[in-house]
Amino acid sequence: MGDHDKQDVWQGTLALMVLKTLHALGPLHGYGIARRIEQTSGDLLSVNYGTLYPALLKLEQDGYISSEWGISENNRKARFYKLTRTGRRRLEKETRDWEQTTAILARFLNPEEGRS
Amino acid sequence: MRPLRATWARARNLFRNQKLERQIEDELAAHVDLHISDNLRSGMSPAEARRSALLKLGGIEQTKENYRETAGFPTVESVAQDLRFALRMLRKSPGLATVAILTLALGIGANTAIFTVFYGVLLRPLPFPKPEQMVQLHEVNDRGGQPNFSDPNFEDVQAKNHSLQAIAEYNLGPEVISVGDVSFRPITSAVSRDFPRVMGVQPMLGRGFSPEEQHFNAAPVAIVSYSFWKQILGGSQDLSSFHLKIGGRPAAVVGIMPPGFRFPGNADLWVPREIYERYPSRTAHNWQVIARLADGIDIARARPDLSTIARSLKQQYGQDTSMTDVAIESLHSAMTGNVRLGLVVLLIASVFFLLIACSNVVNLMLAQAAARQQELSIRAALGAGAGRLLRQFVTESLVLSLIGGAFGVAAAFWGLTGLLRLAPATLPRLEEVSINVPVLLFSFGIVVLIAVAVGMGCAWKSLSVSPENALNEGSRLQGAAPRRQMALRVMIAVQLVTVMVLLVGAGLMGRSLVRVLSVDPGFTVGNALTMELDLPNDVNPARRVQLLNELFTRLRSLPGVEQVGGGRLLPLFSGSRADGSFVVMNPGQISPRMRDLIQRSLEGSLDSDPVLLKEFSDFFEELFRDREHMGDADYRVVSQGYFETLRIPVLKGRLFEDRDTPDSQSVAVISDSLAQQKWPDHDPLGQTIEFGNMDGDPRLLMVVGVVGDVRESSLEAAPRPVIYVDYRQRPQTVSEFSFVIRNSGVPVPVFSAAREIVRDLDPRLVPRFNSLAHIYSGSLDARRFSLTLVAIFSAAALLLAMAGIYGVNAYSVAQRTGEIGVRTALGASASEIMTMILKQAVFTALAAIIVGILASAALTRLSQSLLFEVSPVDPVTFSAVTIFLLFAVVLASWLPARRATRIDPMIALRYQ
């Protein structure tokens, strides 16, 4: 598989988490998204916040999120991201796909349930 | 759609560097700020808060770098970076860059030029539809010869074959065509009925020949080529407005061929073959034949079909036909077969040349890379992968290669136009040789290949030094690996051997040319014009004499004209030679009865009586068996004044005078070598010669004069024995005539005056003007062309070798910097250092020269036919080339040697 593929899978997962976060919380800046993801994962994920920014840029390039400069709670200029309609559709599709994959795998990994 | 959108976004970012930088800086600053606030709120100290925030971010620079990579086109950007770096490297060492570019220009230019010719002549398909179906046919006789077709054989092959969809016969030659009152001599081709079907090309304007126009003695009609129509006829769309005359007969123009169609052999005019008579003999080989194979049939299937026809014809007609088989060959092969081998050899040689050029450039770049070893190792240590370094090298060599390639193609274009003008007309399809898209693609392909090869060569060689060693500079003192040095020197030596062989060849050919120029042609060239005329077939011999007499009188009376003379052929003019066997006999040997028969043969009344005819020919056959009185000589029909005009010296007796008329005794003037050969002991004057087989006139010729030898056919061949006769007494074979006009003034007034005189006497005659000087130098054209080619090749090879020597020496000096520094520090003087470097170069050169001498001596012996009065091991040439080569080697090694003396021992040793 190699590191490169792992990186791709991770980026895909991260992207999905970002979309979900924005869907749940509305427009948010980069720091807020990072914090929220860490919280939601129950601190199981411990990654450098820096990895978020390239992912945010890619999502914006692909048109799933849009950005706007605003004022943060520190009264400082910050960049806020929000979900686009395309992004929402993508989120719905990805969620469905993940749930389906999980279900199929579950049947494979727990064969007794299938037999009975 | 997503990837496209992303790509577009990235592309836009290529040009927004600064804005992007500001954005990400602001965003990250805001992020860190927010994090710090949070940390402060949870009770950390300001310093701790900041540190924790930065740690959690994962390194600002790293994040920025990752961000940048996603933002733009990393590949494009790093390639741009490589390019900037490469250009900077080149600017830093312009001398090296220049040498490398010139070397590549040479290699690429040579390859482009040769490939252009190769492509145009051999690879490019013929400009006809389905050219693979087109074939050329010849008869085959029982001696294996392949003569042209005769009419009856052609007709039978046409009727009986099962493998051809169309077949046509044709011939071609220059024909006098007049348009209005101006005359031209375009190549005209008579073509048979199915010619358009064979060629597959229709006239673009007008029509083809109609059946009414294609029979014997029909009024001539013509189809004309595009360029003839545009340039000579004016390009009018109304074909009936042209008033053309072919050989004096009015001909209507019925069609115009599309541009570029000029088959066969640059023809400009086509007429129906059928208007000329049919020759019923099966051994009158008058026609060339071309055919188109039937669909689905190839040459292998057609061959047995045609052979069967030939065999059945031979069976049916026996001795009447000499054809025993039919030779069939693809048209492309027929047109280009004779040069194919030569071109392939040339192409291989040029590829070899290119390989040498590439290896030289690799050495040049390595010489530079050796100095950059430290920089490269640092880059490797900082994490640049081997691939990245390779890309750097390839980029550098690509820049060199592109610039060199641009120069090379330009040089090839310029050189090719010049070379083609010099080339002998025997190179087929010359008009199709031009630098076009396939050739440019080929050149570009070579350029890229070179770039990759050179880059990889450099990268491989410099990466084989491990980073630790380079950083320690330990290798500097060691000097270059001796094995690698040896390999480089051997390569240089091989190049020098090649150069030596080429230079010796050029030198020998040059000396040959000089020798040929010093040959005495036997006549004086000087300031003389020539005028050549074709006399039409319907002018009978008596009329010819009248015409020529009149022309001579009028030409001689022109102001400024000193002398006028002429003959059927002039010396050194390539053309058919008339020669044969003669017999020395005295009039007493001819009985009165024989004299009567001779008279009747002249009148033409002998042909009807076979018995008398046999007696007549038996008599002469008997004579010719007498070896002692027989001889071979050239037969030249000339005029009074010929020898005087050409300043051919008269050695004995007299030349042709007014008293030599058609009614007086037939006289002849012979050349000195003939006099020496046949009459070594006594006077040839007064002897009588029988040479009737040359023109059918059996009257004896009396020798009245002996003249100096003349080089008739070429300056290099020995002078042949010649028997000259006067045209007034022997006009039968004078179908063409050349005048030599020696004048004192400017030639132009004589040109127009002479043209007027000719037109006045007979408007059908088209004079062609030339000069003796031009004819003389023209006879040297082939030799000059070969010499030019060899000289160009040797110069190119020499330049290449010199660049290689420069490169190898520069590399060696760079590798030995430490050693040279030590020597200098220990007191070695500049001249001692230089001598050390040069000595090595000269030793290599001497070794190469010795091998070169042996190789040249062996090779030139094989090509002795190219030399003229020069020994293949001519010591003057060999020693001159040796000295020149040594000088060139020293010159090429001079700069690196000088640089070696400039090495500051302090700097060299500091890197210890």
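It should be emphasised that the depicted structure is a prediction, and the values quoted were computed from it without experimental measurement.

Of regular secondary structure, chain B possesses 29 helices and 23 strands. For chain B, the residues scored as buried account for 48% of the 912 residues in total. The contacts of chain B with a sequence gap of at least 6 include a subset with a gap of at least 24, amounting to 82%. When the accessible surface of chain B is split by element, carbon and sulfur atoms take 60% of a total near 43,500 Å².

This next bit is on the overall build of chain A. Within chain A, the secondary structure is distributed over five helices and three strands. Ordered by position from N to C terminus, the α and β elements of chain A give α-β-α-α-β-β-α-α. Expressed as a percentage of its 116 residues, the buried residues of chain A come to 36%. When contacts within chain A are restricted to residue pairs at least 6 apart in sequence, those whose partners lie at least 24 apart make up 43%. Carbon and sulfur atoms make up 52% of the accessible area of chain A, which totals about 7,500 Å².

Let us look at unusual backbone geometry. All names here are of chain B. That bond from F263 to P264 is cis: its omega, 0°, falls within 30 degrees of zero. One non-glycine residue, R647, adopts positive backbone phi at about 55°. Structurally, R647 is set in the loop between α21 (642-646) and β17 (650-653). Look at R647 and you get partly exposed, because its relative accessible area is 39%. Of note, E869 is a non-glycine position whose phi angle comes to about 55°, a positive value. Tracing the backbone shows E869 in the loop between α27 (830-862) and α28 (875-901).

Our focus in this paragraph is the interface of chain B and chain A. Counting residues at the interface gives 27 residues for chain B, matched by 29 residues for chain A. Carbon and sulfur atoms make up 55% of the area that chain B and chain A hide from each other, which totals about 2,500 Å². Linking chain B to chain A there are five salt bridges. A salt bridge links A:K77 to B:D26, with the nearest nitrogen and oxygen atoms 4.0 Å apart.

If you trace the backbone, B:S178 turns up in strand β3 (residues 177-179). For B:S178, a relative accessible area of 14% puts it in the buried group.

Residues and elements named next belong to chain B. Scored by pLDDT, chain B has a mean of 83; 92% of the residues are at 70 or more. Within the model, pLDDT remains below 50 along residues 473-479, and this stretch shows 14 contacts once partners closer than five positions in the same chain are excluded. Model confidence for the complex is summarised by a pTM of 0.63, with the ipTM given as 0.84.

Residues and elements named next belong to chain B. For the structure on display, the rule yields 20 aromatic pairs over all chains. Aromatic rings pair up to connect F128, Y170, F261, F263 and W270 into one cluster. Directly above the aromatic system of Y317 lies the positively charged group of R282, at a separation of 3.7 Å from the ring centroid.

All names here are of chain A. Their axes nearest at 11 Å, the elements helix α2 (residues 30-40) and helix α3 (residues 52-62) cross at an angle of 110°. It follows that α2 is roughly perpendicular to α3 by the angle criterion. The way α2 lies across α3 gives a crossing that is right-handed. Facing G30, Y31, I33, A34 and I37 of α2, the residues of α3 in contact are L52, Y53 and L56.

If you walk across this open sheet you meet the three strands as β1-β3-β2 (chain A), and the pairing is antiparallel. Whereas interior strands pair on both sides, the edge strands pair on one side only; in this sheet they are β1 (28-29) and β2 (65-71) of chain A. Bridge analysis of β1(A) against strand β3 (residues 77-83) of chain A gives two bridges, and the strand direction is antiparallel. Across the sheet, A:L28 pairs through a bridge with A:Y81, a residue of β3(A). With respect to the sheet, α3(A) is in contact with β2 and β3 of chain A, its orientation differing from that of β2(A) by roughly 120°. Against the sheet, helix α2 (residues 17-41) of chain B contacts β1, β2 and β3 of chain A, and its axis sits at roughly 95° relative to β3(A).

So, about the nonpolar core. Side chains of nonpolar character tend, in soluble globular proteins, to be buried together. All names here are of chain B. Core analysis: the largest hydrophobic core is formed by 62 residues, its most contacted members being L400, I450, V454, L496 and L885. Counting contributing residues, this core receives three or more from each of domain 2 (74-129 + 338-472) and domain 4 (481-521 + 771-912). In contact with I450, not counting residues within four places along its chain, are L104, I108, L354, C358, S401 and G455. Ranked by size, the runner-up nonpolar core spans 44 residues in total, among them L535, F552, I757 and L761.

Turning our eyes to something else, we now look at the side chain of B:E213. Residues and elements named next belong to chain B. Along the chain, E213 turns up in the loop between β6 (205-206) and β7 (221-224). Exposure remark for E213: the relative accessible area of 13% places this residue in the buried category. Those residues in contact with E213 that sit more than four places away from it in its chain are R207, G208, A218, V221, V254, P272 and I275.

Time to look at the pattern of salt bridges. Across all of its chains, the model carries 35 salt bridges over all chains by this definition. Its salt-bridge partner being A:R79, residue B:E27 comes within 3.2 Å of it at the nearest N-O pair. With B:E27 in helix α2 and A:R79 in strand β3, this pair bridges two chains. Residues B:E27 and A:R79 agree in their burial class; the two are buried. The network of salt bridges with common partners includes A:R35, B:D38 and B:R41.

This part takes up a positive patch on the surface. Residue and element names in this part refer to chain B. Taken together, R5, R12, K19 and R22 make up a surface patch of like positive charges. Put simply, the parts of the chain that give the positive patch at least two residues each are α1 (2-13) and α2. Looking at the secondary structure, you find R22 in helix α2.

When a strand is regular, its side chains alternate between the sheet's two faces. Residues and elements named next belong to chain B. When you tally the buried positions in strand β20 (residues 701-707), you get six out of seven residues, the bulk of the element. One ladder, built from three bridges, connects β17 with β20; its direction is antiparallel. Across the sheet, V650 pairs through a bridge with V707, a residue of β20. Of the pairings in the sheet, the one linking strand β18 (residues 667-671) to β20 comprises five bridges and is parallel in character. In the strand pairing of β20, I670 is matched with V706. Sheet analysis places strand β19 (residues 688-690) next to β20, joined by two bridges and oriented antiparallel. From the neighbouring strand, T688 faces β20, where its bridge partner is M702.

Moving on, we come to the environment of B:L306. Residues and elements named next belong to chain B. By the secondary structure assignment, L306 is in helix α10 (residues 299-317). Take L306: its relative accessible area is 1%, and that puts it in the buried class. In sequence terms L306 and V326 are 20 residues apart; their C-alpha atoms lie 6.1 Å from each other. Ignoring any residue separated from it by four or fewer positions in sequence, one finds L306 in contact with L137, V157, N161, S163, L164, V326 and I328.

With that settled, the discussion passes to a nonpolar patch on the surface. Residues and elements named next belong to chain B. Among the surface-exposed residues, L402, F444, V448, V452 and M456 lie close enough to one another that they form a single nonpolar patch of about 420 Å² accessible area. Among the elements that line the nonpolar patch, the one with the most residues is helix α14 (residues 437-463), at four residues. Mapped onto the elements, F444 comes out in helix α14.

Before going further, it helps to examine the pairing of strand β21 (residues 722-726) of chain B. Residues and elements named next belong to chain B. Within β21, five of the five residues are buried, which leaves the element mostly enclosed by the surrounding structure. The side-chain alternation of β21 yields two buried faces, one formed by V722, Y724 and D726 and the other by I723 and V725. Direction of pairing for strand β16 (residues 630-638) relative to β21: parallel, over a ladder of five bridges. Opposite Y635, over in β21, you have I723 as the bridge partner. Where β18 meets β21, three bridges bridge the pair, whose relative direction is antiparallel.

The rules behind the values
- Residues numbered from 1 in each chain as written.
- Chains lettered and ligands numbered in written order.
- Predicted model: local features only at pLDDT ≥ 70, side-chain atom pairs only at ≥ 80, totals over all residues.
- Heavy atoms only, no water.
- Helix = DSSP H or I, 4+ residues; strand = E, 2+ residues; numbered from the N terminus.
- Buried < 20%, exposed > 50% of the residue type's maximum accessible area, 1.4 Å probe, protein only.
- Contact = heavy atoms within 4.5 Å.
- Areas by Shrake-Rupley, 256 points an atom, 1.4 Å probe, with all protein chains shown as cover.
- Buried area = accessible area lost by both parts, 1.4 Å probe.
- Salt bridge = Lys/Arg side-chain N within 4 Å of Asp/Glu carboxyl O.
- pLDDT = per-residue confidence, 0-100.
- Phe/Tyr/Trp six-rings, centres within 6.5 Å; stacked < 30°, edge-to-face > 60°.
- Lys NZ or Arg CZ within 6 Å of the ring centre and 35° of its normal.
- Axes fitted to C-alpha atoms, helices over the stretch in contact; angles between N-to-C directions.
- Parallel < 35°, antiparallel > 145°, perpendicular 65-115°, else oblique.
- Left-handed = near helix turned anticlockwise from the far one by under 90°.
- Pairing = 2+ DSSP bridges.
- Core = buried A, V, L, I, M, F, W, Y, C linked by side-chain atoms within 4.5 Å.
- Domains from an automatic or database assignment.
- Patch = residues over 30% accessible without salt bridge, like charges linked within 9 Å, V, L, I, M, F, W, Y side chains within 5 Å.
- Lys, Arg positive; Asp, Glu negative; His and termini not counted.
- Charge placed at Lys NZ, Arg CZ, Asp CG, Glu CD.

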